[in-house]
Amino acid sequence: MPSAAYLKKIRPIQLIAIVFFTVSGGPYGLEPLLAYAGDHAALLILLITPILWDMPAIFTVLELNAMMPITGGYYKWVKYALGTKWGFYEGWWTWLYTFVDLAIYPVLFVQYASFFFPGLDAYKIPICLFIIWSSAGLNILGIVPVGRVSLFLSAAVITPFLVLFGLAFYHHTGSLAVASPSLKDIPFPSLGMALYTVMWNCLGWDNTTTYAEEVDKPVRSYLVSIFTAFALVIVIYFLVIWVAQLSGIDHTVLTNQGFPALGTLIAGRWLGVLIALGGMASTLGIYAAVLLSVSRVPQVMAEDSLLPQKLNKLHKRFQTPYISIIICSVIVSLMILWTFADLLIIDVTVYGAGLSLEYIALIKLRITEPNTHRPFKIPLNVTWLCLAVLLPAIVYFVALSGAISSTPQMMKPAIFAIVALLSAEVVWRVIVWRNNLRNLSR
């Protein structure tokens, strides 16, 4: 049964835009890849990582969502397959990872806005808070306004890069050959950070399923939207890194000044301005789309008495979980002082743990409910599914071990991520204790 009677539903074209922003929002944040991987490994890592890291996740999401296209998405899948405790783990871990993820985007907005106003960093906190609470207001209005804004912002993000690609290839006079792919000379710590950079720019496919009941014809819409968004993401990522290589831009400059510096190098300041504006639009779109997904998780967890019932309260007019949206915004407001590198490691590490539970749920349901109707089904048996989910696990542990070994400072966010994961058990025990007290008092 639906969790709520939603007033309006979005169509595939809007869902494509929301998926695009939830997962990517354009190549912004991909700039350090060349510095970590170099010319010979960057494109190789960029192509292989999504195949090993994203494709298993995408197919898992599509099959489980086809079975259960309900509000709460991944939380409901894991709870149904593995039990309430592991469902809580899934919801808690994803909630934590998304707070970290959301904290990145207002900070990136200030970074790209600093292209126009170099001293803007001094006002970072009030600007970030304005973005956080403006997005909260938009999300309270409902999924349809978020979809419309995402559609508009996606055009603002993609257009400058289409101009960049066109001018780069038009003015380029040398060879268009791609550097020979090789991982030979890349140090292991750099490999770890390169993987983290690509993984972070390609995660979140499951987040788009938490509002499935608010999507028109969800099974077909998700199938079309996710594959369309994936193709769009990979093509844009590949082209922008290739163009950066052809331009000869210094890798350190690209890391520190971002893609606006690449646009300025290729066509002048006017293109740098367009790309900086696109970066600002990207951060706003991603923030609104990710907040949309995470705000539905505590809502359904509250329905199951795993979080306070007030989180389940819907707005009288817009039928949105406004208490959940407000609480999410308060927590993110407290996290905007983290550095980008730290947030990257915490983000991917916690997300990967939650994703592993979805893989386990997929395999468990294949074993226990082999005859349940699945409008979309991965064309693999259980044995091959088990082998397939080892691929993202290998990428995950290689990235984590490489990042930890890069510098002593990277140990801190890694330890924080582990503590965040362990906190699920502590909170779960508190919930069990509270529920036992309630049962005794009856």
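One can find the structure itself at the top, above this paragraph.
The shown structure was predicted, so the numbers you read here are calculated from the model rather than taken from an experiment.

Peer 1: Lay out the overall build of the chain with the relevant residues and their values.
Peer 2: Secondary structure assignment for the chain yields 16 helices and zero strands. The C-alpha atoms of the chain give a radius of gyration of 21 Å, which matches the 22 Å a tight globule of 442 residues would have. With respect to the principal axes defined by its C-alpha atoms, the chain has extents near 75 × 50 × 45 Å. Across the 442 residues that make up the chain, the buried fraction comes to 56%. As displayed, the chain offers around 18,000 Å² of accessible surface, 69% of which is attributable to carbon and sulfur atoms. Separation of charge centres in the chain, based on 26 positive and 20 negative side chains, amounts to 12 Å.

Peer 1: Provide a residue-level description of the packing of helix H7 (residues 188-200) against helix H15 (residues 382-404), including the pertinent values.
Peer 2: At a closest axis distance of 7 Å, the pairing of H7 and H15 adopts a crossing angle of 125 degrees. As far as their axial angle goes, H15 and H7 are oblique. The handedness of the crossing between H7 and H15 is left-handed. Of the residues in H15, those touching H7 at Phe188, Pro189, Leu191, Gly192, Met193, Leu195, Tyr196 and Met199 are Val395, Tyr396, Val398, Ala399, Leu400, Ser401, Gly402 and Ala403. Class assignment of the residues belonging to the contact of H7 with H15 gives a composition of 13 nonpolar, three polar and no charged.

Peer 1: Which residues make up the layout of surface pockets, and what values do they have?
Peer 2: The space that makes up the largest pocket amounts to roughly 430 Å³. Elements that contribute at least two residues to the lining of the largest pocket include exactly helix H4 (84-113), H7, helix H9 (251-257) and helix H14 (340-368). Per-element tally for the lining of the largest pocket: the top contributor is H4, with six residues. When the residues that make up the lining of the largest pocket are grouped by side-chain class, the tally is 14 nonpolar, eight polar and three charged. Within this model, the second largest pocket holds a volume of roughly 260 Å³. Gly352, Ala353, Ser356, Ala393 and Tyr396 are the residues nearest the centre of the second largest pocket, which is lined by 15 residues in total.

Conventions adopted
- Residues numbered from 1 in each chain as written.
- Predicted model: local features only at pLDDT ≥ 70, side-chain atom pairs only at ≥ 80, totals over all residues.
- Heavy atoms only, no water.
- Helix = DSSP H or I, 4+ residues; strand = E, 2+ residues; numbered from the N terminus.
- Rg over C-alpha atoms; globule rule 2.2 N^0.38 Å.
- Buried < 20%, exposed > 50% of the residue type's maximum accessible area, 1.4 Å probe, protein only.
- Areas by Shrake-Rupley, 256 points an atom, 1.4 Å probe, with all protein chains shown as cover.
- Lys, Arg positive; Asp, Glu negative; His and termini not counted.
- Charge placed at Lys NZ, Arg CZ, Asp CG, Glu CD.
- Axes fitted to C-alpha atoms, helices over the stretch in contact; angles between N-to-C directions.
- Parallel < 35°, antiparallel > 145°, perpendicular 65-115°, else oblique.
- Left-handed = near helix turned anticlockwise from the far one by under 90°.
- Contact = heavy atoms within 4.5 Å.
- Nonpolar A, V, L, I, M, F, W, Y, C, P; charged D, E, K, R; others polar.
- 1 Å grid on protein atoms, 1.4 Å probe; cavity = no way out; pocket = protein on both sides within 12 Å on 5 of 7 lines; lining within 4 Å.
- Points joined across faces, edges and corners; volume = space filled by probe spheres on them.

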